[in-house]
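Understanding the architecture of this molecule
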Amino acid sequence: MSRLTGVFAQLKEQRKKALIPYVVAGDPSPSGTVELLHQLVAAGADVLEVGVPFSDPMSEGLVIQLGHERALANGMTLRGVLEIITDFRRDNTHTPVIMMGYANPIERFGYDAFADASSVAGVDGLITVDLPPEEVGRLDHALIQVGIDNIFLISPTTENERIETIVARARGFIYYVAVKGVTGSGQLDVNEVAQRVGVIRGMTDLPVAVGFGIKDADSASHVAQVADAVVVGSALIDEMVRKSRADANLEEIQIHEAAVQLLKRIRSGVDSSPS
Amino acid sequence: MTVEVTPELFASVPDANGRFGQFGGKFVAETLMTALTELEALYASLKSDASFTGEFDRDLAHYVGRPSPLYEASRLSDQIGGARIMLKREDLNHTGAHKVNNTIGQALLAKYMGKRRVIAETGAGQHGVATATVAARLGLECHVFMGEEDIRRQSLNVYRMKLLGADVVPVTSGSRTLKDAMNEAMRDWVTNVDSTFYIIGTVAGPHPYPMLVRDFQSVIGREARTQSLSQTGKLPDALVACVGGGSNAIGLFHPFLQDLGVEMYGVEAGGKGLSTGQHAAPLSVGSPGVLHGNRTYLMQDDDGQILETHSVSAGLDYPGVGPEHAWLKDIGRVRYVTADDQETLAAFHRLTRIEGIMPALETAHALAYAEKLASEMSPDQHIIVNLSGRGDKDILTVAALEGIEV
């Protein structure tokens, strides 16, 4: 059983929902990301989503865009992200790690070489925003060879027939994008999310995670009622940015603390949700 | 590449997946896939529909002012020597460039889809102006995304768009030029996909855009082909056009692709010189990758990050290029070359002084290369240069470069 499948099975047994925080590798600093990941696990993360910075992150809202820009200015690369995950795995072999990014750095790396290097680093899943099912074939094949799950996205505009073909190829879990828009934007319509997640559940037994638009304990609690996992990204990064702006003399670990506190509140929101 | 270049090959692209060989495709977020599929289906049903094509042709004739003339630049040809240089006068179109051919077509598609809000990205502002123009005419809400750097160097076009009723949205991310404007337009589209038609200005983006923009712009080459036959009694020996995203070039080239005797040259922005890294020449020195919805040649670093570009002309300041050009390069049908900023400015002045035609700086890249090419050819040959736009918008840029206060 893969790490991802194992974690979801265990949570189901405990009648708990998974919490998946997203941070950008190399933001606020390349040397601090491994520690940040450990802190997030301690604060209640079940799965980690690590953003791979890209010069043109077309699906990101401003908060995460600026995170990508800071990470790139700090010299972060796709190889650097894999080194971070390798480091993280020295002290944590149980928490699944998903990478999330864009196609071009992976194209440049080479699909087979990337799949091999990711497997060695201890990566469990991959989300590539601009590789929809029509374009992900060759990469998906390389990932299957090394046992990494390609995580497919389903959005509010995905029609039922298309959902059926997507879930047939999906592994690990399904990622439902809760709003039409970029990361961190929009007002979440919980009823619509519930309805769409219901449709997806009718077609697959895979766990369904919901992301985009979850900002706090309250919205997380609502989403956790209908989903198997809650993804939160922009809100965490925004907290860290505010804290570092408020006091320029903080140690990085104190900046991380802002994200940690928010994640703990979201954890309690998720856990308070009647399932 | 082992593809055999036959006349039939060119009618076979893009394939059903939007591929030109290994290039093209639909590399976008899931949220946009349904919109692209709808657009594809609509276009497939309309492109041979007589009422749609009739309306498009009428608009081109009576609103744009087509056909545009094919003009023999006699004094320029005499001065350069060698082949005769003929100019396809897209600068005489309404709004002053080839861009309007495409915006007329896409606005018609928006109308058929019932979308009342249009968005566009723009570099030099020509596509923004052409979009704002058709939006004004059809009473559509229009938002144009433009990099802050381009807003600064193309202030006249910014004001033109505002006069036409468009909202010009400054883009402050990344390099603050065309590529970032396109990122921001994509972000808007993904957010407002139900109400909004994205009028892409060049033959890039996800399928079906490279195909439909090509089809709308191909009126340039169809006219030029007929005009060449009637005015010179033969097809041209060579075609020359500037290439940023590549819409004016593909528009001129496409109807001639099957005429294997016609040589074609796409001229990229050499900027301060290819050796300086400060240029916008992905076909000349870039490598294949994925950006803005398609696989194509890109300017990128070893980690796959997109590099910033430089060109004296905002319209060519783009690190990618349309996927059909990437394919035409690989199969060897079109040669891609460069003209640098200096050569371009010299060509700008030469055409202005000798022919009384002030070309856009983008267009002047094509002229600079065509002059070199002509001088190596014989007087019984002729070259068609796509005079893709007029240079009024660039007057302040040229003046500033020469230290003149206007």
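These lines cover the structure that appears in this document, whether it is placed above or below.

Calculation notes
Residues numbered from 1 in each chain as written. Chains lettered and ligands numbered in written order. Predicted model: local features only at pLDDT ≥ 70, side-chain atom pairs only at ≥ 80, totals over all residues. Heavy atoms only, no water. Helix = DSSP H or I, 4+ residues; strand = E, 2+ residues; numbered from the N terminus. Buried < 20%, exposed > 50% of the residue type's maximum accessible area, 1.4 Å probe, protein only. Contact = heavy atoms within 4.5 Å. Core = buried A, V, L, I, M, F, W, Y, C linked by side-chain atoms within 4.5 Å. Buried area = accessible area lost by both parts, 1.4 Å probe. Polar contact = N/O pair within 3.5 Å; in protein donor to acceptor, adjacent residues only side chain to side chain. Nonpolar A, V, L, I, M, F, W, Y, C, P; charged D, E, K, R; others polar. Pairing = 2+ DSSP bridges. Axes fitted to C-alpha atoms, helices over the stretch in contact; angles between N-to-C directions. Parallel < 35°, antiparallel > 145°, perpendicular 65-115°, else oblique. Arc of directions from axis to C-beta. Right-handed = clockwise from strand over helix to strand, strands pointing away.

1. Some details on the overall build of chain A
Scanning chain A from N- to C-terminus turns up 12 helices and nine strands. Taking the principal axes of its C-alpha atoms as reference, chain A extends roughly 50 × 40 × 35 Å. Among the 275 residues that make up chain A, the fraction classed as buried is 62%. Contacts spanning at least 24 positions in sequence make up 72% of the contacts within chain A whose residues lie at least 6 apart.

2. As for the nonpolar core
Grouped together as the largest cluster of nonpolar side chains are 194 residues, with contacts concentrated most on M99(A), L109(B) and W189(B). Take this core: its biggest share by element is eight residues, from helix α1 (residues 30-46) of chain B. Apart from the residues within four sequence positions on either side, M99(A) is in contact with V50(A), V52(A), L78(A), V81(A), L82(A), I85(A), F114(A), S118(A), V123(A), G125(A), L126(A) and I127(A). Among the nonpolar cores identified, the runner-up in size contains 30 residues, and L76(B), V240(B), A280(B) and V385(B) belong to it.

3. Here we look at the interface of chain A and chain B
Listed by partner, the interface residues are 40 residues for chain A and 37 residues for chain B. Buried area between chain A and chain B, summed over both chains or domains, comes out near 2,900 Å², and the portion from carbon and sulfur atoms is 45%. Per-residue buried area on chain A facing chain B is highest for M58(A), R108(A) and E135(A); these three make up 24% of the total on that side. Inspection of the chain A/chain B interface yields 23 residue pairs in polar contact (both at pLDDT 80 or more). Listed by contribution, the elements that provide at least two residues to the side of chain A that touches chain B are α3 (62-73), α4 (78-91), α5 (103-109), β6 (153-154) and α8 (160-169) of chain A. Broken down by element, the side of chain A that touches chain B gets its largest block of residues, five residues, from α5(A). Classifying every residue of the side of chain A that touches chain B gives 18 nonpolar, nine polar and 13 charged.

4. Remarks on the sheet that holds strand β2 (residues 23-27) of chain B
All names here are of chain B. Strand order in the open sheet formed by four strands is β1-β2-β12-β11, and the pairing between neighbours is antiparallel. In this open sheet, the two edge strands, each paired with only one partner strand, are β1 (19-20) and β11 (287-291). Sheet analysis places β1 next to β2, joined by two bridges and oriented antiparallel. Note on β2: the bridge partner recorded for R19 is G24.

5. A short note on the packing of helix α14 (residues 341-355) of chain B against helix α15 (residues 361-375) of chain B
Residues and elements named next belong to chain B. It is the contact of α14 with α15, at a shortest axis distance of 8 Å, that shows an interaxial angle of 90 degrees. One finds that α14 runs roughly perpendicular with respect to α15. Residues E343, T344, L345, A347, F348, R350 and L351 of α14 pack against L361, A364, H365, L367, A368, E371 and K372 of α15. For the contact of α14 with α15, the class distribution of residues is eight nonpolar, two polar and four charged.

6. Considering helix α1 (residues 3-13) of chain A
Residue and element names in this part refer to chain A. Looking only at α1, the buried set comprises L4, V7, F8 and L11. Angular distribution of buried residues about the axis of α1 spans 95 degrees; they occupy a single face of the element. Two residues or fewer past α1, R15 is found with a positive phi of approximately 55 degrees.

7. A closer look at the pairing of strand β8 (residues 208-211) of chain A
Residues and elements named next belong to chain A. Side chains V208 and V210 project from β8 onto one buried face, and the interleaved A209 and G211 project onto a second face that is buried too. Pairing between strand β7 (residues 174-177) and β8: four bridges, direction parallel. Each bridged residue has a counterpart across the sheet, and for Y176 the counterpart in β8 is V210. Between β8 and its parallel partner strand β9 (residues 229-232), the chain crosses via helix α10 (residues 217-224), and the hand of that crossover is right-handed.

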